[in-house]
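Here are the chains, one letter per residue:
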Amino acid sequence: MASSNIFANPIATVSPPNTIPKRKDHPVPRLGIAGAPPISTNKFYANFFLGTQTSPAYLHPYSVAWAKGKGAAGSYGIAISHIDSKSRVYGQASPATGAASYFINPVGIQSICISAKELGNGTVLTSDQLTAHSARISLRPSAITQAAIQFPLVQGCAFITAIFNGATPLIQSGVFFRTVTRATKEVKSGVTKFKLNLEDGTFWLLYAHATKGQPLDLHVVNNGLAQAKGPFYGTIQVAKDPGNSEAMYDAASGAYPTGVELSGTTNGSTGTYSFNFIKGGISGVTLAMYALPHHQESFDAKTRAKMTAVKLQTTTKGIAAAVVSDSWAMVESNLPVNMSFAPWSAKVGSITKLSSTATKFIHSIAVQEASQNMLQQTSQNSMYFSGKALAKFALVILTIHDLLGDTNLSTTALAKLKVAFAEFAKNKQQYPLVYEYAWGGVVSTASYVTGDSGADFGNTYYNDHHFHYGYFIYCAAVIGHLDPSWIPDNKDYVNTLVRDIANPSVQDKFFPVSRNFDWYHGHSWAHGLYETLDGKDQESSSEDSMHAYAIKMWGKVVADQNMEARGNLMLSIQARSLQSYYLYCKNNKVQPSQFIGNKAAGILFENKVDHTTYFGKNIEYIQGIHMLPLLPHTPMVRIPSFVTEEWNTYFSNGRADKVVGGWRGILFGNYATIDPKGAYKFFSAKDFDPSWLDGGACLTWYLAYAAALGGL
């Protein structure tokens, strides 16, 4: 049984295995980071310590960026932006679907900047208190001075809060002030309020809570600058008023979040998880925080009752609603606790029996695929492609053992798979892994050796770790399932991979908490240590859910019930969030109506969604990257109604038969969710071409999956 808090205990706290060497350096410098590693590499605030340090951090609904003297405001403070839907830019409409090729929100709009008179061209930005959901950003007049302003940043915060300790505040705008009006009386003891009307017609509210000294008194110097008349001690908070928010902001002013404590548990098929917000500021004041659509759908009754009518548009996650509460509780009532290694459907659960006819035919294919040279296919210079190949053979052997019942063949093939996996467990692959202390993680040595930051899809720079390592974790789960005696010698290695991507606890000092999965957004971010204007991104939603499924199954095999529970919970959250943000049925109300005709996101960034891939614009690439790999959990996330709509939009009426290469197999594997008999007919055809199989796919599993779902 899972514990009362499945996030409380670490997977392990020991150093990674001795087979993985250690080094202190990393190609990416840690700009302005105060504090020791491990440092989260794939979180919303990473732009503050990468490159120019000036690209935005997307908090939802606001974004913030260090102005650094640039832009219309000429500020050296933090610029705050909020983009309404009317300001979005859409790409060209597809002739086939009428859907826009992308939508993007403008960047660089400095609606309000919070700065200080002491800041100038010598200003230094530092960051500390970096957690899975929050960060603190400090602006210093120089590298040797104390912070003039500190900004605690938490995903979903209703205010952007600035903490002053004697610096002289500057409130600036690149949009320009139309009016700046001070309220005639304090909102509450020590809290002064200003209303800011900008030239774009937007209204912003500013609250200043003086903790000592004089209250904030602003002098409007010009239409871009309001300056305090002296030093200020306390907090300045800024929020955008959508027209109905003033009373809520008044009540919530003076308090601010500094972090989030994540907790959760499972009981049968029900999982709950909670955000308990760590607070600063005036005691007794309840926080206002913004919830994304998938939160709103899953709130328990108590949290739902704290939702307000105050709403703001986010960049890529629909409309956020303000919630006045110091904690949120979300409930997922359909955990896939009965899903195991066999094909699965929502209607009948796991399916472990095939007909004698199907078994005989699939066995003839399995014999061929099990005889392939596993080492040749798995021993590559890429953790990604090696992992896919290992997972492919794991599927072959799993099918042979569990669905076809040939234990002799599975035993022989499993021995070969163990040898192939051992090359990586012993860290003898072409580009071995290394634990690096600079950021705190296990990375490929490919970029160290080649100097190419994009080697192996940027693994060394923390790109795509949950994709790469997810395949290895899945393969290990299958081996451990078929031979539990294999687990003790390999558990530390596999757990190290899990810890790198999905460490649940700060007690593990070797890895950041939840490097990839973002518990606020409900999915992972694949983008590592590269500065980018549009924030973090992720392409393959299906490989994201694969990593959650792999963690679930590895947890099950090694009897780590908390790990298994976290995997189940992640899968359930993803089934909800991906159908809002990534996979679009025609009734999707979250993403823009101009875009949902694409059916799948393509690449989802924090600031834009682009219906394309990093490797080409063929429609089978764009849609198919959200289909692979085909695993038991697939129809839980890619529900039949969605698959039907997508198929009819792009691939029906023989169009899938014109697709070349492994993408054809990917499309028909996906088709098995809605027409398993039709898919089985495709895969069992006498003229089936092996070139239609992707490097991570096998005909054995495709056939077994389709046969199981089709009752064949």
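Cut-offs and rules
- Residues numbered from 1 in each chain as written.
- Predicted model: local features only at pLDDT ≥ 70, side-chain atom pairs only at ≥ 80, totals over all residues.
- Heavy atoms only, no water.
- Helix = DSSP H or I, 4+ residues; strand = E, 2+ residues; numbered from the N terminus.
- Rg over C-alpha atoms; globule rule 2.2 N^0.38 Å.
- Contact = heavy atoms within 4.5 Å.
- Areas by Shrake-Rupley, 256 points an atom, 1.4 Å probe, with all protein chains shown as cover.
- Lys, Arg positive; Asp, Glu negative; His and termini not counted.
- Charge placed at Lys NZ, Arg CZ, Asp CG, Glu CD.
- Pairing = 2+ DSSP bridges.
- Axes fitted to C-alpha atoms, helices over the stretch in contact; angles between N-to-C directions.
- Buried < 20%, exposed > 50% of the residue type's maximum accessible area, 1.4 Å probe, protein only.
- Core = buried A, V, L, I, M, F, W, Y, C linked by side-chain atoms within 4.5 Å.
- Phe/Tyr/Trp six-rings, centres within 6.5 Å; stacked < 30°, edge-to-face > 60°.
- Lys NZ or Arg CZ within 6 Å of the ring centre and 35° of its normal.

Draft legend 1. Focus on the overall build of the protein chain. Helix and strand content of the protein chain: 18 helices and 33 strands. In terms of C-alpha radius of gyration, the protein chain reaches 26 Å, essentially the compact-globule figure of 27 Å for 712 residues. Viewed in the frame of its principal axes, the protein chain has a C-alpha envelope of about 85 × 55 × 45 Å. Residue pairs at least 24 apart in sequence account for 68% of intrachain contacts in the protein chain once pairs closer than 6 positions are excluded. Counting only carbon and sulfur atoms, one obtains 52% of the accessible surface of the protein chain, whose full area is about 24,800 Å². Of the charged side chains in the protein chain, 57 are positive and 48 negative; the average position of the first set lies 3 Å away from that of the second.

Draft legend 2. Examining the sheet that holds strand β19 (residues 255-267) more closely. Pairing is antiparallel across the open sheet formed by three strands, whose spatial order is β19-β20-β24. Looking at the sheet topology across the chains shown, the edges are occupied by β19 and β24 (327-332). Taking each pair of neighbouring strands and ignoring which way they run, the sheet shows an average axis angle of 15 degrees. Here six bridges tie strand β20 (residues 270-281) to β24, and the two strands are oriented antiparallel to one another.

Draft legend 3. Focus on the environment of Ala72. Mapping Ala72 onto the fold places it in the loop between β3 (63-66) and β4 (78-81). A C-alpha to C-alpha distance of 9.8 Å links Ala72 and Ser111, two positions 39 residues apart in sequence. Look past the residues within four positions of Ala72 in its chain and what remains in contact with it is Gln110 and Gly174.

Draft legend 4. The arrangement of the sheet that holds strand β31 (residues 537-538) in detail. Read from one edge of the open sheet, five strands run β5-β6-β33-β32-β31, paired in antiparallel fashion. Of all strands in the sheet, those with a lone pairing partner are β5 (89-90) and β31, marking the two edges. Direction of pairing for β31 relative to strand β32 (residues 603-605): antiparallel, over a ladder of two bridges. From the neighbouring strand, Gln538 faces β32, where its bridge partner is Leu604.

Draft legend 5. Broad picture of the environment of Gly405. Checked against the element boundaries, Gly405 lands in the loop between α6 (383-403) and α7 (407-425). In this structure, the C-alpha to C-alpha distance between Gly405 and Ile282, residues 123 residues apart in sequence, is 66 Å.

Draft legend 6. Here's a closer look at unusual backbone geometry. Of note, the amide linkage connecting Pro37 to Pro38 takes the cis form, showing an omega dihedral of 5 degrees. Relative to the helices and strands, Pro38 is located in the loop between β1 (22-23) and β2 (57-58). Geometrically, the link from Leu628 to Pro629 is a cis peptide bond, its omega value of -5 degrees lying close to zero. Relative to the elements of secondary structure, Pro629 occurs in the loop between α13 (619-624) and α14 (634-637). The phi torsion at Phe457 lies on the positive side, around 60 degrees, for a residue other than glycine. Residue position: Phe457 is located in the loop between α8 (446-450) and α9 (465-482). Although it is not a glycine, Ser514 sits at a positive phi angle of roughly 50 degrees.

Draft legend 7. How the structure looks around the pairing of strand β12 (residues 169-172). Side-chain alternation along β12 places Pro169 and Ile171 on one buried face and Leu170 and Gln172 on a second face that is also buried. Judged from the four bridges that link them, strand β7 (residues 112-116) and β12 form a sheet pairing that is antiparallel. By the bridge assignment for β12, Cys113 is matched with Gln172.

Draft legend 8. Spotlight on the nonpolar core. Ranked by size, the top nonpolar core spans 228 residues in total, and within it Tyr249, Phe421, Tyr474, Tyr493 and Trp554 carry the most contacts. The residues touching Tyr474, leaving out its near neighbours within four places in the chain, are Phe341, Ala391, Ala394, Leu395, Leu398, Tyr549, Ala550 and Leu631.

Draft legend 9. Representation of the packing of aromatic side chains. Applying the stated rule across the entire model yields 47 aromatic pairs. Ring plane angle 45 degrees and centroid distance 5.3 Å describe the contact between Phe49 and Trp439, whose orientation is recorded as tilted. Of this pair, Phe49 sits in the loop between β1 and β2 while Trp439 is found in the loop between β27 (433-436) and β28 (441-444), placing the two residues 390 residues apart along the sequence. The exposure class of Phe49 is buried, given its relative accessible area of 0%. Here the aromatic residues Trp647, Tyr650, Phe651, Phe668, Tyr671, Phe682, Phe683, Phe688, Trp692 and Tyr702 are joined through ring pairs into a cluster of three or more. The ring of Tyr233 carries Lys212 above its face, with NZ or CZ at 4.4 Å from the centroid. Positioned above the aromatic ring of Tyr581, the side-chain terminus of Lys317 is 4.9 Å from the ring centre.

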